[in-house]
Amino acid sequence: MATDELVKTTGIANHGGERLPSVDIDSFNIELKDDDGFLGDRASKGAFREILERWRKPLRKTGEDPFGKEPSENISKKTLDSILISDDVEASAVVHSAIEEFAQELAYVTRRFLKTKAWAKTERIVVGGGFRDSRLGELAIARAEIILKAEDFKIDMVPIRHHPDEAGLIGALHLAPSWIFEAYDSILAVDIGGTNIRCGLVETGWKKAKDLSKAKVVKSELWRHADDEPTREGAVKRLTKMLKGLITEADTDGFKLAPFIGIACPGVINADGSIEKGAQNLPGNWESSKFNLPASLIEGIPMIGEHDTAILMHNDGVVQGLSEVPFMQDVDRWGVLTIGTGLGNARFTNRRRDSGQGKDNGKDRDAAEGKKKPKENNKENNKDSAKAD
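Residues numbered from 1 in each chain as written. Predicted model: local features only at pLDDT ≥ 70, side-chain atom pairs only at ≥ 80, totals over all residues. Heavy atoms only, no water.

Caption draft 1: Spatial organisation of helix H2 (residues 45-61). With 17 residues, H2 should reach 24 Å at 1.5 Å per residue; the first-to-last C-alpha distance of 25 Å fits that figure. By the largest-angle criterion, Trp55 marks the main kink of H2, which is about 30°, and a proline, Pro58, follows within four residues. Next to the buried residues of H2 lie helix H3 (77-84), helix H4 (89-114) and helix H5 (135-150). At the C-terminal side of H2, Gly63 shows a positive phi close to 75°. (Helix = DSSP H or I, 4+ residues; strand = E, 2+ residues; numbered from the N terminus. Expected span 1.5 Å × (residues − 1). Bend = angle between axes of the 7 residues up to and from the residue. Contact = heavy atoms within 4.5 Å.)

In C-alpha cells form, the structure reads like this:
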C-alpha cells in the first residue's frame, strides 16, 4: 500500500505531526549522548535500582543490609515508600541516599536538555513515567528542581498530574480535532509500551470544561504482552479485540463514541504511521517498512458507529505530556520527561490559550521578540547535544 493511501485511510492528519491543535512540538525523542552512552540511561528506573544496589553493598559486606538478600530490582516502589517513613533508620537512610544520587543524575540529564536549541527558554518540565508514581519519585523530582535552581536555571519541575497510566490515554484527546468534542463525548485511546498495552475509553468532559481539564478514563483494559511473548500479528489481533470490546461497552453504557482512536507508541513516528526507530522493545519488528499499525487497525475496525474510523498516532512521551496541556496555560514553553525503561522526552510551545483568551501563537510571540524560531529536528538537536557541556 502506498504512503499517500495510508495517510488517506488511517487518519485526518499526519501521524507524528509537529503541529497539534493546542501546541507546536519543538522536539521529541532526542537521544542525547555522553562518553558513557545515552544520557537517558542515567535517569531511568533501571538506573535508580543500580544506584540503590550500590548503596546497599557496603552494608551487605558486614551483614547489615536492611533489605537482606532481596535483589534491588525486586523491591517494590510501595515497599521503598513505606521505608522512607519507617522506624528503620538505616534502611531509610539507604533509600534517601539513593534518591539523592538519582536526583543528581536527573538534574544532570535535564541540564543537558535545557542546553539544546529545542529546549531553550523552557519554563516548566513535567515528569511522568512509572517512576513518578511513588513518593521516592516525587522526592527525586523535587530535589532535581532544587539542584537546578541552585545553579540559576529558572525552571520548575513538577510530577505529572494524572496517574502515568491514565496520562498516556488522556493525552490522546489532544491529538484529536476540535469538531470531535462538539459532536461526541468520548474517544478510544491506546498506550503501547515495551511491557504492556493499555486501551481506554476516555470521556472528554468537554461540556464541563472546553480545555479538556475534566477529561477522565472511564474504562480501561491492560494486557501485559511481555508475559505472553506474542508475534507482531498476534499483538495487533489482541489489540483489535480489546478495542472492539471497549466499543461494545461504550455503546452499552450510552456513550457517544467518536470514530477516532488516538495511539501513543514508542519511537519516532513517521507521517504515514510507520515507525522509523525506537520500537525495539515491542513484540516483533514494528520498524519494518511492511508494517503499519494504524493501517492494520483500520482493517480490523473500519468503522465506529456509522462513520469511518480515523486514527492518529504519536510518540508515547509526547502523548503523556499532552495530558498536561490544560494546566500549562500560564507558561509559553514547557517540556515532559518520562522516567521508565528509558527516558522519554518532548518539548512544546503553546499555540492556543484554552482559558477563553483566544488564540495565541507561539511562533507569533517569537516574532514579537524579534527572533525567528528555528525549525528543529532530532539530527540538529543531537548536534547541539555534542556541544552541550
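There is more to say after this.
Caption draft 2: Representation of the environment of Ala43 in the model. With respect to the helices, strands and loops of the structure, Ala43 is situated in the loop between strand S3 (37-38) and H2. When its relative accessible area of 0% is taken as the criterion, Ala43 is described as buried. The contact partners of Ala43, leaving out residues within four places of it in the chain, are Phe102, Leu106, Val109, Ile339 and Leu343. (Buried < 20%, exposed > 50% of the residue type's maximum accessible area, 1.4 Å probe, protein only.)

Caption draft 3: Spatial organisation of unusual backbone geometry. Phi angles above zero are rare outside glycine, and Lys121 is one such case at about 65°. According to the relative accessible area criterion, Lys121 is partly exposed, its value standing at 44%. Unlike most non-glycine residues, Asp152 shows phi in positive territory, near 70°. As for its placement among the helices and strands, Asp152 is situated in the loop between H5 and strand S5 (156-159).

Caption draft 4: Inspection of the packing of H4 against H5 at higher detail. One way to put it is that H4 packs onto H5 with a least axis distance of 8 Å and a crossing angle of 50°. As far as their axial angle goes, H5 and H4 are oblique. Seen along the crossing, H4 lies across H5 with a hand that is right-handed. Contacts between H4 and H5 involve His96, Ile99, Glu100, Phe102, Ala103, Gln104, Leu106, Ala107, Thr110 and Arg111 from the first element and Leu136, Leu139, Ala140, Ile141, Arg143, Ala144, Ile147 and Leu148 from the second. Looking at the contact of H4 with H5 residue by residue, the classes come out as 12 nonpolar, three polar and three charged. (Axes fitted to C-alpha atoms, helices over the stretch in contact; angles between N-to-C directions. Parallel < 35°, antiparallel > 145°, perpendicular 65-115°, else oblique. Left-handed = near helix turned anticlockwise from the far one by under 90°. Nonpolar A, V, L, I, M, F, W, Y, C, P; charged D, E, K, R; others polar.)

Caption draft 5: Inspection of the pattern of salt bridges at higher detail. If you walk through the whole model with that rule in mind, you get 23 salt bridges. For Arg347, the salt bridge is made with Asp26, and the minimal N-O distance between the two is 2.9 Å. Residue Arg347 is located in strand S16 (residues 343-350), and its partner Asp26 is located in strand S1 (residues 23-28); the two are separated by 321 residues in the primary sequence. Accessibility assignment for this pair places Arg347 and Asp26 in one class, buried. Bridged by salt links that share partners, the residues Glu53, Arg56, Arg60 and Asp65 form one connected network. (Salt bridge = Lys/Arg side-chain N within 4 Å of Asp/Glu carboxyl O.)

Caption draft 6: Expanded view of the sheet that holds strand S7 (residues 197-203). Read across the open sheet, the five strands follow the order S8-S7-S6-S9-S14; overall the sheet is mixed. Of all the strands in the sheet, the pair left with one neighbour each is strand S8 (216-223) and strand S14 (310-315). Ignoring which end each strand starts from, the neighbouring axes of this sheet average 20° apart. One ladder, built from six bridges, connects strand S9 (residues 257-265) with S14; its direction is parallel. (Pairing = 2+ DSSP bridges.)

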